[in-house]
Structure formats: structure tokens, C-alpha cells
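Each chain, written out:
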Amino acid sequence: MVVTGIEIVALVAALISGFDSARQLVHAWKEGLQKARQKKTSRKAKFIKRLDEFEESLAESITTLQRKYTRHCRVLGSRFQTRDAEASKSLNRVAGLQQDLFTVFRQNLPDLKDIDEQEAWVNRTETFRNNAMSVYHQHFERFETHSEAKTSHRPSANYSVNLCVSAIAYRENHQPFENLTYRVGGGEKKRWDCVACGESVSRASMAISANMSVWIGPSGLFKAHCEAGRAWMCIWESDTEECQQEFASRKDLLVHMAKAHTRQANDGGETSVDLPAGQRRKGIQYCGYGVRIGDLEMIESEGRFVVRAQG
């Protein structure tokens, strides 16, 4: 069996459809039990509570499948359609589990009055859900940790092992920022969440002196973030020892950028800023870093980043 990207889409869609059908059925059972004119018992109350929790878990599974599938499509791009024996074996298992679920659906549905049959059905469906999610996680996480994927994503730089795969994809122009993030909120409170690890980024700034401040924009912090924000890497991607270390906080990263890549003239003249060394476009509108001195912002002049003194 050759597994293609189209077949992956179909299998994921089938899983989502199956979970949603189960969720709707569970919801109908719960409503039926709540409205039924039966003597209320502690067992019935417990079963209704279990149906409520199971409905939530099915809804969560649908959201997880959708987000993870989108995440892998965005981060891995065309490599998401990699075909090999292990992929075939894993996806065949998923297909088999999906068929098992539809077999259960084709059976006579339990009577709303028979809690024993309902509990047995929920047990079978919950077992399927757990198995299917386990197979899904095992197979698609392999794409992230597969040695071939690591090689293709790390051809030229000695990145920290903790640097997020999305940050690497962005640094090396595999994917644009909008394909690797979800925008959340608006106005001054807007942020962007990484599709791979969930870390949130937004503009960060810090005062260096009474009249000087530095800032890093969302795109700059994005290519700096390690998985789940456990640390941050220099966004200029220099090969110096200091730029290869991990910084514990955004503040530490801002201090590094000001210290290592910004040189303020002692005579109050022009302040210069290093050009980024990475593979992305290096124009001022793309770099993700800026310096402000008084009312003056960093500008690009003759291929250089500078803040010019007034006068």
C-alpha cells in the first residue's frame, strides 16, 4: 500500500467524522435520559455524568486531530506526504480502527432504557477513541523526530536541540510566519501562537537607559523560541559563542541583542546595529528587531541599520 497525502486527509477526515457521530449520539442519549420519566437512581445520575465527560472528550479529540493535522501540514509542508513502510503500517491500523467504529455504528443501537447496553457501547467506543488517538500520535510524531526530517530542517546551522521545529522552518524559509502561527485576539493584546508547540509571541520591549529602548517583534521572537518557551535563541543567528547559547527569558534575550548587536556612539553620534546573519530577508521591515533613542527609530541606510543623532 502506498500512502499519499490525499489518503492521509481522507483518514483524518474519517476519524473526525466518526468521533463527531459518536459525540452526537452520546449527546442524544444524555438528553433522552434527562427527559425520560424514569425513577432517578444514583447509577443513572453517574451514567449521565459519564456521558457528559465522554462527550467532552470526543469534542476534544476532534479539536486535537484538526489542530495536529493543520500543524503538520504547515510545519512539514510537502514532506507531510512522505510515503514509507512504517507510514503504511500505521495508517492501515488507523483505517482498521475507523472501520471498527463504523461496524459498531451499524449494529443495533442500544435502547435508551437499558443502561447496561449503553455502558457497554460507551466502553467500546472509548477504547476505540483511545487506540485511534494513540496511533495518530505515534505516527505523526514520527514525522517530527524522524532523522531524515531533522536533516532536511538543519542543513547549515548548529541550532540548539530545544529550538522549536517551527522556529527552524521559519528561519530557513521553509514556511512563512502566517503558516506557522495562529493569531489570537486583536488590538494591543493580539498574539500569535505556534502551531507546533503552542508558545505565544507578541512584541516585547525594554528600556536600556533613560532615553534608549530596544524591542523584538512577534516574528523575531518566533524564530527565537525554543519548545513551549523553555528558552530563547539569538534572533540574529550569528555564529559567535554568545549567540549560540540559550537565554532563559525574553528580557535576557533583549539584553543580549542590545549588548551584542547594538553599538551606541560615545560622542552621541550615530548608533549602529548589526545586520542579521540568517537566511531570511534582511531588510529592516523583516528583521524583527528595533532600537529607539529618544524620538528616533532605527532606520536602514545604505545597507546598514542605524539610529542617527539629531542635529
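To be clear, the structure that these remarks concern was listed above.
Residues numbered from 1 in each chain as written. Predicted model: local features only at pLDDT ≥ 70, side-chain atom pairs only at ≥ 80, totals over all residues. Heavy atoms only, no water.

Regarding the overall build of the protein
At step 1: Each helix and strand counted, the protein has nine helices and eleven strands in total.
At step 2: Counting only residues that meet the buried cut, the protein has 42% of its 311 residues in that class.
At step 3: In the protein, the share of contacts with a sequence separation of at least 24, taken over all contacts with a separation of at least 6, comes to 60%.
At step 4: On the protein, roughly 16,500 Å² of surface is accessible, and the fraction owed to carbon and sulfur atoms is 48%. (Helix = DSSP H or I, 4+ residues; strand = E, 2+ residues; numbered from the N terminus. Buried < 20%, exposed > 50% of the residue type's maximum accessible area, 1.4 Å probe, protein only. Contact = heavy atoms within 4.5 Å. Areas by Shrake-Rupley, 256 points an atom, 1.4 Å probe, with all protein chains shown as cover.)

Brief notes about the sheet that holds strand β4 (residues 204-207)
At step 1: Strand order in the open sheet formed by four strands is β4-β5-β8-β9, and the pairing between neighbours is antiparallel. With one partner strand each, in any of the chains shown, β4 and β9 (296-297) form the two edges of the open sheet.
At step 2: Pairing analysis gives four bridges linking β4 to strand β5 (residues 212-216), with the strands arranged antiparallel. Its bridge partner lying in β5, Met206 is registered against Val214.
At step 3: The strands that helix α9 (residues 250-261) touches are β4, β5 and β8 (289-293); relative to β5, the one it contacts most, it runs at about 120°. (Pairing = 2+ DSSP bridges. Axes fitted to C-alpha atoms, helices over the stretch in contact; angles between N-to-C directions.)

Some points on the nonpolar core
At step 1: In terms of nonpolar packing, the biggest core is built from 43 residues, with Ile216, Ile235, Trp236, Leu253, Met257, Tyr289 and Val291 touching the most fellow members.
At step 2: Ranked by the residues each element gives to this core, the list is headed by helix α6 (residues 165-171), at five residues.
At step 3: What Met257 contacts, discounting residues up to four positions off in sequence, is Ile216, Cys234, Ile235, Trp236, Thr262 and Tyr289.
At step 4: Counting residues in hydrophobic clusters, the runner-up holds 24 residues, among them Val12, Trp29, Ile62 and Met133. (Core = buried A, V, L, I, M, F, W, Y, C linked by side-chain atoms within 4.5 Å.)

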